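A look at the structure
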Amino acid sequence: MIDLKKAPQLRCNYGRTLEISTLKKWIENQTQLITIYGLSGIGKTALTLKLIEEIKTEFDYIIYRSLDNIPQLIDIKDDFKQFFFTSQSNLLSDIIDYLRSYRCLIILDDLENIFKIGELSGQYLTEYKNYGKFFKQIATLSHQSCLILISWELPPDLEILEQDHQYTQILSLQGLGEDAKEILRHKDLKNQEMWNQLINLYQGHPSWLNIITSTILELFDGDVELFLEDQENNIYLGDLEPIIESHLQRLSASEKKLINWLASQNERVNIAQKPTNSELSKSEFLQAIKSLMRRGLVDKVPIDKRSHFKIHPIFKQYINHSNIGF
Ligand SMILES: Nc1ncnc2c1ncn2[C@@H]1O[C@H](COP(=O)(O)OP(=O)(O)OP(=O)(O)O)[C@@H](O)[C@H]1O
Ligand SMILES: [Mg+2]
């Protein structure tokens, strides 16, 4: 029995073979809690729906729900119970009983809606802390089911669970890489020899590439070379600006200070460096770095066996060139 009536219709026809096989392996190995996190439009929901298509016969029940309208946990649980009950008329007292008696796959999407804005990433809204307890139960109690969480931000408590419990996994979803060429091919863009450059500039992000491709078709008649002229240090954002803003406006005060500083640096910074002219204490600095990583805005890159940190180039462009004075 499958309930995907609340799931959007999305295309996920390119790439993602590695991610799908990783997720399948985790599910085969009885993983009970999987968190998929990454920027908006990177393809989290599309990937999960593709996964469901491939594994649906392995489950007795599959249900997808979004937290878009910020439901209380009790309402979500009632909704699940209703689904299980109408499907097999066997009323059990708690969701976990269903997860024990049957092999169920539950997907909770758009988790960022229950996190605070203006604080470090993944802090549950005050009335929604019980979600954290529910996730912990699912990760730690014994049953035969799997919960997939999809979010813009990785909550710290789930990161801790992953370190302590073998049945918990986290996937940080990145761009499509080479496979993003299919998007450009599908839209009949010109100058194939420059596609790699275009994909690198926009990090293989499917939704951003769809948007930018429309601009290239509309204003440059599909000529990628013309579009990329002088873009080396000044990446065109256009319709991406509101999307970038929706991420930046969620940051805490310390994250804003740090990301401004990171955007002003030419090089990747190592952890021993710290902004000298900011009022951040060492611990605020470290917390803010972790938090930005949990939002996918800062990446860790090893150089000479030492961790360095790099701000996402599209965000760097926005911060350095937008006139809203971020
Ligand atoms: N592998 C893919 N191949 C082709 N198109 C894709 C792929 N992945 C995502 N897309 C397209 O990119 C867009 C964004 O995907 P999706 O809605 O899954 O992102 P998301 O990460 O769930 O974003 P949000 O966090 O805002 O919900 C969709 O239009 C989708 O069809
Ligand atoms: Mg989504």
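Some remarks on the domain arrangement of the chain
- Partitioning the chain into domains gives domain 1 (2-172), domain 2 (177-236) and domain 3 (242-321).
- A C-alpha centroid distance of 29 Å is found between domain 1 and domain 3.
- Opposite the 16 residues of domain 1 that make contact, domain 3 presents 21 residues.
- Approximately 1,400 Å² of surface area, both sides summed, lies buried where domain 1 meets domain 3, with 51% of it carried by carbon and sulfur atoms.
- When the buried area of domain 1 at its contact with domain 3 is split by residue, Leu39, Leu120 and Trp152 rank highest and sum to 39% of it.

Structural notes on the packing of aromatic side chains
- One pass over the structure, following the stated rule, counts 13 aromatic pairs.
- Pairing Tyr61 with Phe83 gives two aromatic rings, centres 5.8 Å apart and planes at 80 degrees, and the pair type is edge-to-face. Of this pair, Tyr61 sits in strand 3 (residues 61-66) while Phe83 is found in helix 3 (residues 73-88), placing the two residues 22 residues apart along the sequence.
- On the accessibility criterion, Tyr61 (7% relative accessible area) is buried.
- Between Tyr61 and Tyr102, the ring centres sit 5.4 Å apart and the planes meet at 90 degrees, which makes this aromatic pair edge-to-face. Separated by 41 residues along the polypeptide, Tyr61 in strand 3 and Tyr102 in the loop between helix 4 (95-101) and strand 4 (104-109) bring together distant segments of the chain.

Notes on a negative patch on the surface
- A surface patch of like charges, here negative, comprises Glu193, Glu225, Glu229 and Asp230.
- For Asp230, the position within the fold is in the loop between helix 10 (224-228) and helix 11 (241-248).

Regarding helix 11
- All of the buried residues in helix 11 are Ile244, His247 and Leu248. Along the long axis of helix 11, the arc covered by the buried residues comes to 95 degrees, so they all point the same way.
- If you follow the buried residues of helix 11, they end up packed against helix 12 (253-264) and helix 14 (313-321).

Parameters and conventions
- Residues numbered from 1 in each chain as written.
- Chains lettered and ligands numbered in written order.
- Predicted model: local features only at pLDDT ≥ 70, side-chain atom pairs only at ≥ 80, totals over all residues.
- Heavy atoms only, no water.
- Domains from an automatic or database assignment.
- Contact = heavy atoms within 4.5 Å.
- Buried area = accessible area lost by both parts, 1.4 Å probe.
- Phe/Tyr/Trp six-rings, centres within 6.5 Å; stacked < 30°, edge-to-face > 60°.
- Helix = DSSP H or I, 4+ residues; strand = E, 2+ residues; numbered from the N terminus.
- Buried < 20%, exposed > 50% of the residue type's maximum accessible area, 1.4 Å probe, protein only.
- Patch = residues over 30% accessible without salt bridge, like charges linked within 9 Å, V, L, I, M, F, W, Y side chains within 5 Å.
- Areas by Shrake-Rupley, 256 points an atom, 1.4 Å probe, with all protein chains shown as cover.
- Salt bridge = Lys/Arg side-chain N within 4 Å of Asp/Glu carboxyl O.
- Lys, Arg positive; Asp, Glu negative; His and termini not counted.
- Charge placed at Lys NZ, Arg CZ, Asp CG, Glu CD.
- Arc of directions from axis to C-beta.

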